Amino acid sequence: MGGLTSVIRHASIVAALCSVATQELTRTACFHCGDPCADDHRVHDGKDFCCQGCAVVYDLLNEAGLCNYYELERRPGVKQAAPGEEQRAELFALEEVRSTLVEFSEGGITRARFHVPQMHCSSCIWLLENLARIHPAIMRSRVSFADKEVTITFREQDLPLPELVKLLRRIGYGPQVGAGRARQGGTDRMLLIRVGVAGFIFGNTMLFAVPEYLGADGEAGLKTGFQWLTVLFSIPVVFFLSTGFFRSAWAGIRSRTANIDQPIAIGIVALWVRSLHDVISGAGPGYFDSLAGLLFFLLVGRWYQAHTYRALRFDRTLDDFLPLVVLRRTGHTEEPVKVADLVPGDRIVVREQELVPVDAILRSGAGHIDNSFITGEPLAVRKVPGDTIKAGGRQRGAAIELEVLRTFGESRLKQLWAEQETTHHRPAMPRLIDALARRFTIAVLLVATGAALYWWGRDPAQVWPVVTAVLIVACPCALALSMPFAYGHTVRLMGRRGLFLRGTEVVEHLSRIDAVVFDKTGTLTAREAHQVQWHGPPLPMAEQELVLALARNSTHPLSTVLAHELRDLAPPQASHLREHPGHGIAAMAGGRSVRIGSAAFCGTSEKPRHNGEAHVHLSVNGAYRGYFSILKQARPGMVDAVHHLRKGLRTALLTGDAQVDAQLAGAFARGSITTGCSPVDKQRAIQQMQEQGHRVLMVGDGLNDAGALAQADVGITVTETSAALNPASDAIMDATALHRLPGFMAMARRAHRIVIASLALSLCYNLIGVSVAVAGHMTPLFAAILMPVSSVSVVGFVTLGAWWAARRTIR
Amino acid sequence: MSVIFLLLTISTLLASMFLFAFIRAVRSGQYDDDRSPAVRILLDDTVRATPDDAGASSHPSSATEQP
């Protein structure tokens, strides 16, 4: 159960429980996190655990009497992040970081708010709200699941902030620190209050109008009293509820662009002025009920549109990815220092699994640098003292000492990023509704003028009522509602299927895409899925066990793949283990001398390689046995998906790797695969396609795709966990849903067609209304009926349409 | 017919009270998170000593899935 899918807010606990129960558990699952356990896994307290980390968390919770955690949902735990994957805890002692988290601090009592993207189920909520039982200094903790945030009140002198962060990490809920995200809460609340006020005024104004419409002949004084009450109610409608529409319309006028809020603003003003005139002159009750109804429907539309995936972060900058604090070594002392303060010549220590934050020279230790963060390629590169290491590489071996070569600002990575951000000029996609709004406004003004001229000649007294009636009835309420609801529904329906859009406008962009560009590693191929094949005479079980005995003792990526592949075996103990950097491993196991590694290391000649596969050779007691070929596999269903996309769209594959394996190469058209791309190459390739007139969708995952994702008309980030670091993009996709991409695109196109149909429908209503108004037959009652009927029917039409489109395109 | 006007006055007053309560509720953040309160109400305050009885009581299928 991917963390992402559980973002869906409507998933009930019952549904969550069911989905876990239906998961096939063929292997022993970890009692804590539910990951499959190796056969030599830890059995502790009668439970199975996949790793030491999970067992430790279990112990911690057990001691604190918090084992309810395991009762609420099965295997709710979050796997421990590898050390160094997160920012150093010392970071939280820095005032800049502290101030972004701490909301309140007085008398030794501090309240801090943490973003914890790992939380995914009711067990998480329960544990995080019971932190006080784990540490006595924690007084209170409260979860906001919608924002994936936990607010903790604690005594800071007993538990300093960095220690609290360490505690959260120990139980698997390490908070994320990043550029302080502006809290959306304030505007959300205001919008909700506006909807409430609009609903209140709408309902009451309608009630006041009922006696009038029914022809009630109560005392005349009471009747006028109620009319003035509706005038009173209309004041907040115009001066509080409508301000957003006026502001947006005015901004459009100032920048000389048409938008849908302009005809709406005209309609609001016309309604109010005409109604005031009617009441003051005693001509009738006015159109106050229509005015309130208009604002109510419009605001509901706004509110529906504003609801996006708050807990997901779509805007990430480079600073979110790199460590902010690093250990600087001076003589024999080590002190944490901000990365931005490093100067060339400083000696820094990078521990296992930590990122190298600046360009630096390796001074001591064995560098085993994994550049997957930059290139997506997870196979680590060997570095020896004296080599240069670029910022962004991750150290996979023991701690190394580096000499800073360039400051953070001058490092290649930072420059690359800055360059991408300044050259990034995504062509603005014209919105359908804005193009329509311009013509609509012009048409309405023309009709009003025409009607005025006509009535001027026949009956000048009718000019004022007819012109105002035209402006009122032409107010494009239904038009303005169709898009928020059609696209809002589509966003939700896509979210349930694993694609999370940052906003409703992305649906429209997605519907007009005619070229799709993929990244390979991490996107089309899973980070972990490998196809391992043995070449040579059949390998007896005992010798397979020898391979595992060696492979599991090494952190080399190929060893990790082999160890994972052979994980079911029971290997003998290996002794005299020696790792020869860049060559292989030699050891004694089961009484035999075993070597795995390169061809030369195992005493044979290089074998022909196919399509970027890697070879691991084996020799036992000096006799060559054969080799394993390791090939990265495409995600299930991806080849079919690409074939499907090729039917109507241009597809391309841009990869930083030197070669693409046959399976994937066959899926793409000849000439549409570019290998050896740098991040800038990817961005340029997309720019070129855009210059040829294509609207490009980029699907990528790593930081190396960040520029391309920003350049493309729509950028989708593929992620395997919700807590992963994903670059800025328009949408985040659960990796398991990637094969549905053609379905999502078809769904967006259908949603677009539904919007066009609903626009036609609402224009029909406008046409009816305007013809009645021009003829001079408009009454308050007619407006009060037409307006809600048109709005409700349009909203109903797009709701059903979006649901039907989702059913037809994605099962 | 004038009774309608009396009823309207009363209903408006009532609705105003509800509106006031709604605005207070929104301001105090009750609508900020619609997931955790729904879960929170189902969570027990009692703490179980060991997870054994927990697993046995609420997840009868757990035994079969652990070979």
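Residues numbered from 1 in each chain as written. Chains lettered and ligands numbered in written order. Predicted model: local features only at pLDDT ≥ 70, side-chain atom pairs only at ≥ 80, totals over all residues. Heavy atoms only, no water.

Asks: What exactly am I supposed to notice about the overall build of chain B here?
Replies: Along chain B, the regular secondary structure elements total three helices and zero strands. Listed by position from the N terminus, the elements making up chain B come as α-α-α. Counting every position in chain B, which comprises 67 residues, the buried fraction comes to 30%. Entry remark: accessible area of chain B is about 4,400 Å², with carbon and sulfur atoms responsible for 67%. (Helix = DSSP H or I, 4+ residues; strand = E, 2+ residues; numbered from the N terminus. Buried < 20%, exposed > 50% of the residue type's maximum accessible area, 1.4 Å probe, protein only. Areas by Shrake-Rupley, 256 points an atom, 1.4 Å probe, with all protein chains shown as cover.)

Asks: Would you mind going over the packing of helix α11 (residues 288–306) of chain A against helix α17 (residues 477–496) of chain A with me for this structure?
Replies: A pair of packed helices is characterised by two quantities: the angle between their axes and the separation of those axes. All names here are of chain A. One way to put it is that α11 packs onto α17 with a least axis distance of 9 Å and a crossing angle of 25°. Between α11 and α17, the angle is such that the two are roughly parallel. Where α11 crosses over α17, the two elements pack in a sense that is left-handed. Between α11 and α17, the contacting residues are Leu294, Phe297, Leu298, Val300, Gly301, Tyr304 and Gln305 on the first element and Cys477, Ala480, Leu481, Pro484, Phe485, Gly488, His489 and Arg492 on the second. In terms of residue class, the contact of α11 with α17 is made up of 10 nonpolar, four polar and one charged. (Axes fitted to C-alpha atoms, helices over the stretch in contact; angles between N-to-C directions. Parallel < 35°, antiparallel > 145°, perpendicular 65-115°, else oblique. Left-handed = near helix turned anticlockwise from the far one by under 90°. Contact = heavy atoms within 4.5 Å. Nonpolar A, V, L, I, M, F, W, Y, C, P; charged D, E, K, R; others polar.)

Asks: Explain the sheet that holds strand β4 (residues 109–115) of chain A to me, please; I cannot follow it from the model alone.
Replies: What links the strands of a sheet is backbone hydrogen bonding, and the strands pair in either a parallel or an antiparallel sense. All names here are of chain A. If you trace the four strands from one edge of the open sheet to the other, you get β3-β4-β6-β5, paired in antiparallel fashion. The open sheet has two edge strands, β3 (102–106) and β5 (138–144), and neither has a second partner. Going from strand to strand, the sheet's axes swing by 15° on average, the running direction of each strand aside. Pairing geometry for β4 and strand β6 (residues 149–155), over seven bridges, is antiparallel. The residue of β6 that forms the bridge with Ala112 is Ile152. Against the sheet, helix α5 (residues 122–129) engages β5 and β6, with an angle of about 155° to β5. Contacts from helix α6 (residues 161–170) reach β3, β4, β5 and β6 within the one sheet, and its direction differs from that of β4 by about 45°. (Pairing = 2+ DSSP bridges.)

Asks: I keep staring at the packing of aromatic side chains and nothing clicks. Help me out?
Replies: All names here are of chain A. If you walk through the whole model with that rule in mind, you get 13 aromatic pairs over all chains. For the pair Tyr304 and Phe485, a centre-to-centre distance of 4.9 Å together with 15° between the ring planes defines the contact as stacked. Of this pair, Tyr304 sits in helix α11 while Phe485 sits in helix α17, and the two are 181 residues apart along the sequence. Overall, Tyr304 belongs to the buried group, its relative accessible area being 15%. A relative accessible area of 9% places Phe485 in the buried class. Ring-pair connections join several aromatic residues into one group, and the members of that group are Phe200, Phe208, Phe226 and Phe233. The ring centre of Phe240 lies 4.9 Å from the NZ or CZ of Arg194, which sits over that ring. In this structure, Arg458 is placed above the aromatic ring of Trp455, and the distance from its NZ or CZ to the ring centre is 5.9 Å. (Phe/Tyr/Trp six-rings, centres within 6.5 Å; stacked < 30°, edge-to-face > 60°. Lys NZ or Arg CZ within 6 Å of the ring centre and 35° of its normal.)

Asks: Looking at this structure, how should I read the sheet that holds strand β17 (residues 515–519) of chain A?
Replies: Residues and elements named next belong to chain A. The seven strands lie next to each other as β16-β28-β27-β26-β17-β24-β25, forming an open sheet whose pairing is mixed. Looking at strand neighbours, the two that pair on one side only are β16 (499–501) and β25 (673–674), the edges of this open sheet. For strand β27 (residues 714–719) and strand β28 (residues 731–734), the ladder comprises four bridges, and the chain directions are parallel. For Ile716, the partnering residue across the bridge sits in β28 and is Ala731.

Asks: I'm lost on the pattern of salt bridges in this one. Help?
Replies: All names here are of chain A. For the coordinates displayed, the defined rule picks out 16 salt bridges over all chains. Between Glu149 and Arg113 there is a salt bridge, and its shortest N-O distance comes to 3.3 Å. On the criterion of sequence distance, the pair formed by Glu149 in strand β6 and Arg113 in strand β4 is long-range, its members being 36 residues apart. Accessibility expressed as a relative area gives 6% for Glu149, which makes it buried. For Arg113, a relative accessible area of 22% corresponds to the partly exposed category. For Asp346, the salt bridge is made with Arg328, and the minimal N-O distance between the two is 3.2 Å. Residue Asp346 is found in the loop between β8 (333–338) and β9 (347–350), and its partner Arg328 is found in strand β7 (residues 325–330); the two are separated by 18 residues along the sequence. Of the residues examined, Asp346 reaches a relative accessible area of 14% and is grouped as buried. Look at Arg328 and you get buried, because its relative accessible area is 19%. Salt bridges here are not isolated pairs; linked through shared partners, they connect Glu103, Arg111, Arg113 and Glu149. (Salt bridge = Lys/Arg side-chain N within 4 Å of Asp/Glu carboxyl O.)

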